[in-house]
Structure formats: structure tokens, C-alpha cells
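Notes for the structure review
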Amino acid sequence: MRIGLAKGRLLRYSEAAQNVAPSGTDSWLLRLQDIPGLVADGSLDAGITAEEWIRESRADVVRVAPLCWYHVRVCAIGRPEHRVGAAPRIVSEYPSLAAEYAARRHPDATVRRAHGACEAYVPSLADLAVDCVETGRSMRERGLEIVEELFRGDVWLVCSREIEAHDRHYAQLVDWAAAIRHGRGHCAWQREEDARVTV
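Fair warning: this is a prediction, and the values are worked out from it, not measured in the lab. (Residues numbered from 1 in each chain as written. Predicted model: local features only at pLDDT ≥ 70, side-chain atom pairs only at ≥ 80, totals over all residues. Heavy atoms only, no water.)

Per the counting criterion, the structure on display carries two aromatic pairs. A ring pair is formed by Tyr13 and Trp69, whose centres lie 5.2 Å apart and whose planes are at 20 degrees; its orientation type is stacked. On the criterion of sequence distance, the pair formed by Tyr13 in helix 1 (residues 11-19) and Trp69 in the loop between strand 4 (62-66) and strand 5 (72-78) is long-range, its members being 56 residues apart. Here the two residues Tyr13 and Trp69 agree in accessibility, since each one is buried. A cation over a ring is seen here: Arg9 above Tyr70, with NZ or CZ 4.1 Å from the ring centre. One Lys or Arg, Arg12, reaches over the ring of Tyr13 and ends 4.5 Å from the middle of that ring. (Phe/Tyr/Trp six-rings, centres within 6.5 Å; stacked < 30°, edge-to-face > 60°. Helix = DSSP H or I, 4+ residues; strand = E, 2+ residues; numbered from the N terminus. Buried < 20%, exposed > 50% of the residue type's maximum accessible area, 1.4 Å probe, protein only. Lys NZ or Arg CZ within 6 Å of the ring centre and 35° of its normal.)

Here is the structure:
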């Protein structure tokens, strides 16, 4: 199997996962955002990527298992005192997700793609940003707050539809996911989601 592993902030996890990868696999260290598309088009059989990039790319991949390597909230953020007009400027690393948010909340908005540091745009260059919030510290340091939480995300092991249909390879991936998952049981954010559903 050909597997894409995440580099950058997840490199140490990926290197540890590489050491226990299923036998007979080849792996490449790639950017999180590129992996869903490479799995969907058959260039890779499986990969480790993040929920926000699966949704942003709209890639047709199979989620094998969450790995709990990090957790984020994808949110619309802005300044509490800044009035958002009828046609706000929205900036995001995730233009598709930002466009979906705009269509629901601000149909006349313009969406600009940025390559990181979206918070720096608000409020002078943009009214809102659609961005990942992990701890929220940098957001608060800039005087920003969450306007709306769009969804919560995890790091996932994903595979192609062809691998899902291949019993032995899929079983290998399920076993590998269990071996490289960070922590045991449900992740903290999943327990929160379950609690909301049952209330």
C-alpha cells in the first residue's frame, strides 16, 4: 500500500506511525491539505490528514478511524466591537468552507483566500476569518472572539474506496489506526459531542 503521512506539526507522530506501518507499505511525508486529494484520485491508497482538509477538498475518501493527534474547532472569528455589515469581507485558508459559511450567514460576502495568519486580517483587511481554533490563545491575544463554531475536527486515517473493498488491506489499516491512536477511548471533544446529543 502507498500511504501519505503528515509532515509539519504532525511530523513526530507520523515518524512514530511510520515505524509500525503495515508490512509492504511505502510512505511519503506530505502536506496535510494534499493528502485527501491524492487518496481520492488513487495516487495513494491511504493517508493521514485532518477533518478540515477532508471537508475543504471535498475529496471522496473513506474515514478509517480518528487518531486524536490534535483537535481543532473551525470557526468564524471576528472582533466583538466590529459591526459586520451586509456584505462582509471574509478571509480563510479554507475558501470552500468559508463560502459555505457565507452562503448560510452572509450571502453577499466576498471570500478571500489567505495562506495562514488569517487572524491578522481582522478587522482592517477583513471583517471575519474562518479559521482553526485549537487553544484560542492567539485569537484572544488579538482581541478576537468566536462568532460561530462551524465544526470540530480530528486527525484521521483515510483510505480510498478501492482499499475499503479490499478486506485484508482495510483490516491492516484498522489495526494500524489502533496502534497509532493517541490515547485510549473517545477523544475529549467526542465525549463533549456525545453529551450534547444525549442531553
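Ile48, Trp69, Leu173 and Trp176 are the most contacted members of the largest nonpolar core, which has 39 residues in total. With sequence-adjacent residues up to four places away left out, Ile48 is seen in contact with Gly4, Leu5, Ala6, Leu32, Ile35, Leu67, Trp69, Val155, Trp156, Leu157, Trp176 and Ile180. Counting eleven residues, the second largest nonpolar core, distinct from the first, contains Ala114, Cys118, Ala129 and Val133. (Core = buried A, V, L, I, M, F, W, Y, C linked by side-chain atoms within 4.5 Å. Contact = heavy atoms within 4.5 Å.)

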